[in-house]
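Notes for the structure review
If you want the building blocks of each chain, they are given just below.
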Amino acid sequence: MTVPAPRPPAGRYGPEPTDARRRLQRVALALLVAAAMVVVAWMGRGVLTDPVQWRDVGFSVDSATSVQVTFEVTTRDGAAATCRVQALSQSYAQVGVLDVDVPTSPTSTRRVTVTVPTVEQAVTGTLDGCDPAP
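Residues numbered from 1 in each chain as written. Predicted model: local features only at pLDDT ≥ 70, side-chain atom pairs only at ≥ 80, totals over all residues. Heavy atoms only, no water.

1. A look at the overall build of the protein
A count of helices and strands for the protein gives one helix and six strands. Secondary structure of the protein in N-to-C order comes out as α-β-β-β-β-β-β. The C-alpha radius of gyration computed for the protein amounts to 29 Å, which surpasses the reference 14 Å derived for 134 residues by more than 25%, pointing to a less compact arrangement than a globule. For the protein, the C-alpha atoms occupy an extent of roughly 85 × 40 × 30 Å along the three principal directions. (Helix = DSSP H or I, 4+ residues; strand = E, 2+ residues; numbered from the N terminus. Rg over C-alpha atoms; globule rule 2.2 N^0.38 Å.)

As structure tokens, then:
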């Protein structure tokens, strides 16, 4: 035998919710979830359709005055791009910077290696970013 759960006195915690109010709450929640999904899809579309994508591959400190940086650039239809490569010191100071023009290519992904001149010893070389060429 089951005993029904005790109910608080009527009106103690505000008016009793009606079926219409419960339906309205469910519809509002569904609309909120749908709006959130639209925002996430819109943001994801922006990331996936970025005209230039890049990634660091590696670096090699050649001397106290230069560092070699290797990176990959992917563009739509092999379009040209401009990338900024930087060399950083042990204290994360930028000790060298180089803007690199990546020409058009029949392939969409290209691997590029450049030598960045530095004003003092660098401990790393990295790609700061790429943009479509003007």
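2. Side note on the pairing of strand E5 (residues 109–117)
Side chains Arg110, Val112, Val114 and Val116 project from E5 onto a buried face, and the interleaved Thr109, Arg111, Thr113, Thr115 and Pro117 project onto a face without burial. The pairing of strand E2 (residues 66–75) with E5 spans nine bridges and is classified as antiparallel. If you follow Ser66 over to E5, its bridge partner there is Pro117. (Buried < 20%, exposed > 50% of the residue type's maximum accessible area, 1.4 Å probe, protein only. Pairing = 2+ DSSP bridges.)

3. A short note on the pattern of salt bridges
For the coordinates displayed, the defined rule picks out four salt bridges. Between Asp19 and Arg22 there is a salt bridge, with the nearest N and O atoms lying 3.1 Å from each other. In this pair, Asp19 and Arg22 both sit in helix H1 (residues 19–48), three residues apart, roughly one turn of the helix. Notably, a salt bridge pairs Arg84 with Asp99, separated by 2.8 Å at the nearest N-O pair. Placement of the pair is Arg84 in strand E3 (residues 81–88) and Asp99 in strand E4 (residues 94–102), with a sequence separation of 15 residues. Note on Arg84: relative accessible area 37%, which makes it partly exposed. Asp99 sits in the partly exposed class, given a relative accessible area of 46%. Counted as one network, the salt bridges with shared partners bring together Arg55, Glu72 and Arg111. (Salt bridge = Lys/Arg side-chain N within 4 Å of Asp/Glu carboxyl O.)

4. Examining the state of the cysteines
For the structure on display, the rule yields one disulfide. Note on cysteine connectivity: Cys83 is disulfide-linked to Cys130, with sulfurs 2.0 Å apart. Because the torsion about its S-S bond is 110°, the bridge between Cys83 and Cys130 counts as right-handed. Separated by 47 residues along the polypeptide, Cys83 in strand E3 and Cys130 in strand E6 (residues 124–132) bring together distant segments of the chain. Judged by relative accessible area, which is 1%, Cys83 ranks as buried. (Disulfide = S-S within 2.5 Å.)

5. Comments concerning the confidence of the model for the protein
On average, residues of the protein score 90 in pLDDT, and 97% of them reach the 70 mark or higher. Put simply, H1 is where the protein has its lowest mean pLDDT, 87, and E3 is where it has its highest, 96. (pLDDT = per-residue confidence, 0-100.)

6. With respect to the nonpolar core
Core analysis: the biggest nonpolar cluster contains 18 residues, and Phe71, Val73, Val85 and Val102 have the highest contact counts within it. Sorting the residues of this core by element identifies E2, E3, E4, E5 and E6 as the ones contributing at least two each. Among all residues touching Phe71, those that are not within four sequence positions of it are Arg55, Asp56, Val57, Cys83, Val85, Val100, Val102, Arg110, Arg111, Val112, Val114 and Leu127. (Core = buried A, V, L, I, M, F, W, Y, C linked by side-chain atoms within 4.5 Å. Contact = heavy atoms within 4.5 Å.)

7. Some details on a nonpolar patch on the surface
Side chains of Leu29, Leu32, Val33 and Met37 sit close together on the surface and give an oily, nonpolar patch of about 430 Å² of accessible area. In this structure, Leu32 sits in helix H1. (Patch = residues over 30% accessible without salt bridge, like charges linked within 9 Å, V, L, I, M, F, W, Y side chains within 5 Å. Areas by Shrake-Rupley, 256 points an atom, 1.4 Å probe, with all protein chains shown as cover.)

8. Describing unusual backbone geometry
Most peptide bonds are trans, and most residues other than glycine sit at a negative phi. At Asp77, a position not held by glycine, the phi torsion is positive, near 55°. By secondary structure assignment, the location of Asp77 is in the loop between E2 and E3. In this model, Tyr92 sits at a positive phi of 65°, which is unusual for a non-glycine residue.

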